[in-house]
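Listed here are the chains, written in short residue letters.
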Amino acid sequence: MDRIRIRGGQPLHGALHIGGAKNAALPLMAAGMLTDDRLLLGNVPRLADIATMSALIAQHGVAVVPDGRTLSIGGPIDNTEAPYEIVRKMRASILVLGPLLARVREARVSLPGGCAIGTRPVDLHLKGLEQMGAVIRLEGGYVNAAAPGGLRGAVIVLPFASVGATENLLMAATLADGRTEIANAAREPEIGDLATCLLTMGARIEGVGSDKLVVDGVPRLHGAAHPIVADRIETGTYACAAAITGGEVRLVGGQLAHLGAVAAALRSAGVEMTEQDGALVVRRAHGLHGADAMTEPYPGFPTDMQAQFMALMSVAEGAAMVTETIFENRFMHVPELNRMGANINVHGASAIVRGVRGLSGAPVMATDLRASVSLVLAGLAARGDTIVNRVYHLDRGYEALEQKLAGCGADIERIPG
């Protein structure tokens, strides 16, 4: 199993390119199942999750053809089952449910691995589709869904702004009979990117970027070409990398507007960010200062940046409180950061981070995608060597991470397992 070794203490200087957003690419790929025509996606990142979604869509019979940074998706669906063997690898696999029901009126989709209905947002997908006329049964770990007469428009009020449920219901509504209103819809830039693509494919959608989406179903969608929006989480992660090392980095393609509350939190901590010639320039101004963050739906602070920000706060002057309101059990990186000398105490849904003068390299274990990269950030700032184990998590969401960081002066390498 691969590991990453980091010898810390090198300020980052240089430029690195921000890739297409994984969290936009996955629903966009699922949208390719809504038409027989070809959907051409550009700026596609090379990630393990993209490969998993490609395999899932292909086993439905839909052609998935990569060509460099472009992915061509389209064709008839000849299999309506999304098997556990693929779905267990990635929660976003549930996004094929809406397109399958809308297009061929039936689906059998495995529940994502480790998912418990009622404690995760998957139940919102199912309730919304039931309101649109789907008949759903849960049997043997699978969602068995059918809409023999086709989906129909409905008024759906989400109890909270679930990104996945908004995406699934939005895609399903494009081919439903009549008007669908999705209230309390999530507003992440990735959802706006999906809606923009669907509009290009012939969908009729109003309210893009707001918390109320109104969709008038159409008989069919057609092919289109669509470039995937830049990854705001990758942008925020490398902004933290520049700040934690005290360097200055140009994030080519990074968009300040999409960072939302992350930009505000970083500025409160003493990080400068300016847009110049299609890049976001990030540098630490006059030291780091403790700043609080609470994860919330967009435009609030994203849960996918919580671990990275906590690593940054571990070496800031003073104290910070980081509160997680989106997912339970998302402080699994805390014991690993503390192994490196951080001073973090968890109290329920909040973590109190008291900044220390420096971290020390140590062997650490990655537990999930964002926790993994928080340990890499800590390693960049630590004295001595840090070995990050189980880095296959990183490959799900960060393309060529070690090469990008090394290109900016980091002493980092991947050690094949």
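Above this text you will find the structure in question.
Definitions and limits used
- Each chain carries its own residue numbering, running from 1 in the direction its sequence is written.
- At least 70 in pLDDT is required for a residue's local features to be given in this predicted model, at least 80 for side-chain atom pairs to be given and counted, and no such filter applies to totals for whole chains, interfaces and linings, which use all residues.
- No hydrogens and no water enter the side-chain calculation; it runs on all heavy atoms of the structure.
- In this description a helix means any DSSP run of H or I spanning at least four residues, a strand means any run of E spanning at least two, and both kinds are numbered starting from the N terminus.
- Contacts are residue-level and defined by heavy atoms, with any inter-residue pair within 4.5 Å sufficient.
- Method for areas: the Shrake-Rupley scheme with a 1.4 Å probe, in which residue coverage is limited to the protein chains shown.
- When charges are counted, Lys and Arg contribute as positive and Asp and Glu as negative, whereas His and the chain ends are disregarded.
- Lys charges are placed at NZ, Arg charges at CZ, Asp charges at CG and Glu charges at CD.
- Pairing between strands requires that DSSP locate at least two bridges from one strand to the other.
- Between N-to-C directions, angles span 0 to 180 degrees; the directions come from axes that are lines fitted to C-alpha atoms, helices contributing only their stretch in contact.
- Definition of nonpolar core: a set of buried residues of the types Ala, Val, Leu, Ile, Met, Phe, Trp, Tyr and Cys, connected through side-chain atoms within 4.5 Å.
- Only protein chains enter the accessibility calculation, which uses a 1.4 Å probe. A residue is then buried if its area is under 20% of the maximum for its type, exposed if over 50%, and partly exposed in between.
- Classification of ring pairs uses Phe, Tyr and Trp, with its six-membered ring standing for Trp, and accepts pairs whose centres are within 6.5 Å; under 30 degrees between planes counts as stacked, over 60 as edge-to-face, and the remaining range as tilted.
- Our definition puts a charge over a ring when NZ of Lys or CZ of Arg is within 6 Å of the ring centre and also within 35 degrees of the ring normal.
- Note that the arc is computed from the directions linking the helix axis to the C-beta atoms.
- Side-chain atoms alone can form a polar contact between residues adjacent in sequence; in general such a contact is a pair of N or O atoms within 3.5 Å, and within protein one must be able to donate a hydrogen while the other accepts it.

Novice: What should I look at first to understand the overall build of the protein chain in this one?
Specialist: Looking only at helices and strands, one finds 14 helices and 24 strands in the protein chain. Residue pairs in contact within the protein chain that sit at least 24 positions apart in sequence constitute 72% of those at least 6 positions apart. Of the roughly 15,500 Å² of accessible surface on the protein chain, 51% is carried by carbon and sulfur atoms. Each charge class in the protein chain was averaged separately, 37 positive and 41 negative side chains, and the resulting centres sit 3 Å apart.

Novice: Would you take a moment to explain the sheet that holds strand β11 (residues 179–183) for this structure?
Specialist: Picture the strands of a sheet paired through backbone hydrogen bonds; they go either parallel or antiparallel. Spatial strand order, β10-β11-β13-β12: 4 strands in an open sheet with mixed pairing. Two strands close off the open sheet at either side, each with one partner strand: β10 (155–157) and β12 (204–206). Strand-to-strand twist of the sheet, defined as the mean angle between neighbouring strand axes without regard to direction, takes the value 15°. Bridge analysis of β10 against β11 gives 3 bridges, and the strand direction is parallel. What sits directly across from V157, in β11, is A183.

Novice: Where do I start with the nonpolar core in this structure?
Specialist: A general feature of soluble globular proteins is that nonpolar side chains tend to end up buried together. In terms of nonpolar packing, the biggest core is built from 74 residues, with M29, L97, L129, M132, L151, L170 and L198 touching the most fellow members. The contacts of L198, once residues within four sequence positions are left out, are A31, L34, L170, M171, T174, A203, I205 and L221. Membership of the second largest hydrophobic core comes to 71 residues, among which are A243, L288, A293 and A316.

Novice: What is the right way to look at the packing of aromatic side chains in this model?
Specialist: Two numbers describe a pair of aromatic rings. These are the distance of the centres and the angle of the planes. Counting across every chain of the model gives 1 aromatic pair. A ring pair is formed by F301 and F309, whose centres lie 5.4 Å apart and whose planes are at 65°; its orientation type is edge-to-face. For F309, a relative accessible area of 1% puts it in the buried group. For the cation-ring pair, R108 lies above Y142, with the distance from its terminal atom to the ring centre recorded as 3.9 Å.

Novice: Help me understand helix α9 (residues 261–268) in this model?
Specialist: Given 3.6 residues per helical turn, the α-helix brings residues three or four places apart onto the same face. Restricting attention to buried positions, one finds in α9 the residues V262, A263, A265 and L266. Down the axis of α9, the smallest arc covering the buried residues is 165°, so these residues share one side. Against α8 (232–245), β16 (271–276) and α10 (306–313) lie the buried residues of α9. Once α9 ends, the next one or two residues include G270, with phi positive near 100°.

Novice: Sorry, what's going on with the pairing of strand β3 (residues 39–42) here?
Specialist: Consecutive residues of a regular strand have side chains that alternate between opposite faces of the sheet. Where β3 meets strand β5 (residues 70–74), 3 bridges bridge the pair, whose relative direction is antiparallel. Among the inter-strand pairings, L40 is bridged to a residue of β5, identified as S72. Pairing of β3 with strand β14 (residues 224–227), which is carried by 4 bridges, proceeds in the parallel orientation. Its bridge partner being in β14, L41 is matched across the sheet by H226.

Novice: Looking at this structure, I do not really get the side chain of S72. What am I missing?
Specialist: Tracing the backbone shows S72 in strand β5. For S72, a relative accessible area of 13% corresponds to the buried category. Within the local environment of S72, its side chain forms a polar contact with the side chain of R38, the two groups lying 2.8 Å apart. Residues in contact with S72, not counting those within four places in the same chain, are R38, L39, L40, A63, V64 and V65.

Novice: Before we go on, may I ask you to explain the sheet that holds strand β18 (residues 293–294) in this structure?
Specialist: The strand order β18-β19-β21-β20 describes an open sheet built from 4 strands, whose pairing is mixed. Only two strands of the sheet have a single partner each, and these edge strands are β18 and β20 (343–347). As paired elements, β18 and strand β19 (residues 319–323) share 2 bridges and run parallel to each other. Following the sheet pairing, M294 is matched in β19 by T323.

Novice: Is there a simple way to explain the pairing of β16 in this structure?
Specialist: In this sheet, strand β17 (residues 279–284) lies alongside β16 in antiparallel orientation, the contact comprising 6 bridges. Each bridged residue has a counterpart across the sheet, and for E275 the counterpart in β17 is L280. With antiparallel pairing between neighbouring strands as the criterion, β16 and β17 make up a hairpin whose turn holds 2 residues, including D277 at a positive phi of roughly 50°.

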